[in-house]
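Each chain, letter by letter, is given below.
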Amino acid sequence: MDGHKPNRPLRQLREPYEVHVLVSVDPGKRDIWWAHFNAGGYLEKCGRLKVKSAHQVAQWFGHHYPQLVLAIEKPMIRKGGRFGQARPSDIIDLAVSVGWVQAAPWLEVAEYLPSTWKGNVPKDLHNRRTLAALSRSELAVLDSAKIPQSLQHNVVDACGIGLFHLKAKGFR
């Protein structure tokens, strides 16, 4: 194609449309939790990337995924929320990291506020919903990532962000 991207959902297209890999990210201050969905919209890999610098994260994605759509959670400070609260300085550091990743010229980035992709649903309930939306083979991918149970909610969030993006684009 000529690089033109239509503004209608992909499933309505009559002409061939090249679908790029989707990597969804739940960013953290020290770790990036990611989920890789193939061109068909199915989870293929997921995991944790230890972060030394935001620039390192952008380089890692560029090296492993030269054509990439990145769906990422946009950090926000919540005042008086019922969820575990991060320190504002940590959120600022996180926002800077997300900015570095978004600045990579080879990435097409979609960012979502937590309230957009999961609403005000408590984390444990939303994670159960995300897991229920995955197929058996996708759950096996999640299990193969060997994430400790106490941290698995992070990679499940990365999967949830990806599922939200895919649904918004008409893939799931």
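This section reports on the structure supplied with the text. Everything numeric in this text was worked out from a predicted model, so none of it was measured. (Residues numbered from 1 in each chain as written. Predicted model: local features only at pLDDT ≥ 70, side-chain atom pairs only at ≥ 80, totals over all residues. Heavy atoms only, no water.)

1. So, the pattern of salt bridges
Right, on to step 1. Tallied over the full model, the rule gives seven salt bridges.
Right, on to step 2. Among the salt bridges present, the one from Arg 128 reaches Asp 124, with a minimum N-O distance of 3.7 Å. Here Asp 124 and Arg 128 lie together in helix α4 (residues 123–133), a separation of four residues that amounts to about one turn.
Right, on to step 3. Given the relative accessible area of 48%, Asp 124 is considered partly exposed.
Right, on to step 4. Between Arg 172 and Glu 138 there is a salt bridge whose closest N-O contact spans 2.7 Å. One end of the pair, Arg 172, is in the segment after α6 (152–168); the other, Glu 138, is in helix α5 (residues 136–144), with 34 residues separating them in the sequence.
Right, on to step 5. Arg 172 sits in the partly exposed class, given a relative accessible area of 32%.
Right, on to step 6. One salt-bridge network, in which partners are shared between bridges, spans Asp 31, Arg 48 and Lys 50. (Salt bridge = Lys/Arg side-chain N within 4 Å of Asp/Glu carboxyl O. Helix = DSSP H or I, 4+ residues; strand = E, 2+ residues; numbered from the N terminus. Buried < 20%, exposed > 50% of the residue type's maximum accessible area, 1.4 Å probe, protein only.)

2. Here we look at the sheet that holds strand β5 (residues 107–112)
Right, on to step 1. One open sheet holds the five strands; their spatial order is β3-β2-β1-β4-β5, and the pairing between them is mixed. A strand with exactly one partner marks an edge of an open sheet, and here the two such strands are β3 (43–50) and β5. Going from strand to strand, the sheet's axes swing by 20° on average, the running direction of each strand aside.
Right, on to step 2. Direction of pairing for strand β2 (residues 31–37) relative to β3: antiparallel, over a ladder of seven bridges. Bridging across to β3, Trp 33 finds its partner in Arg 48.
Right, on to step 3. In this fold α5 packs onto β2 and β3, with an angle of close to 20° to the strand it touches most, β3.
Right, on to step 4. Where α6 meets the sheet, its contacts fall on β1 (21–27), β2, β3, β4 (68–73) and β5, and the angle it forms with β1 comes to roughly 135°. (Pairing = 2+ DSSP bridges. Axes fitted to C-alpha atoms, helices over the stretch in contact; angles between N-to-C directions. Contact = heavy atoms within 4.5 Å.)

3. Considering α5
Right, on to step 1. For α5, every residue scored as buried is listed here: Glu 138, Val 141 and Leu 142. Viewed end-on, α5 has its buried residues packed into an arc of 100°, placing them on one side of the element. Within α5, the exposed residues directed more than 90 degrees away from the buried face are Arg 136, Ser 137 and Asp 143.
Right, on to step 2. If you follow the buried residues of α5, they end up packed against β2, β3, α4 and α6.
Right, on to step 3. Lys 146, located one to two residues past α5, shows a positive phi value of around 55°. (Arc of directions from axis to C-beta.)

4. Describing the environment of Glu 44
Right, on to step 1. Along the chain, Glu 44 turns up in strand β3.
Right, on to step 2. Using a relative accessible area of 40% as the deciding quantity, one classes Glu 44 as partly exposed.
Right, on to step 3. Spatially, the C-alpha atom of Glu 44 lies 9.6 Å from that of Ala 140, the residues being 96 residues apart in sequence.
Right, on to step 4. A polar side-chain atom of Glu 44 sits 3.1 Å from a polar atom in the side chain of Asn 38. (Polar contact = N/O pair within 3.5 Å; in protein donor to acceptor, adjacent residues only side chain to side chain.)

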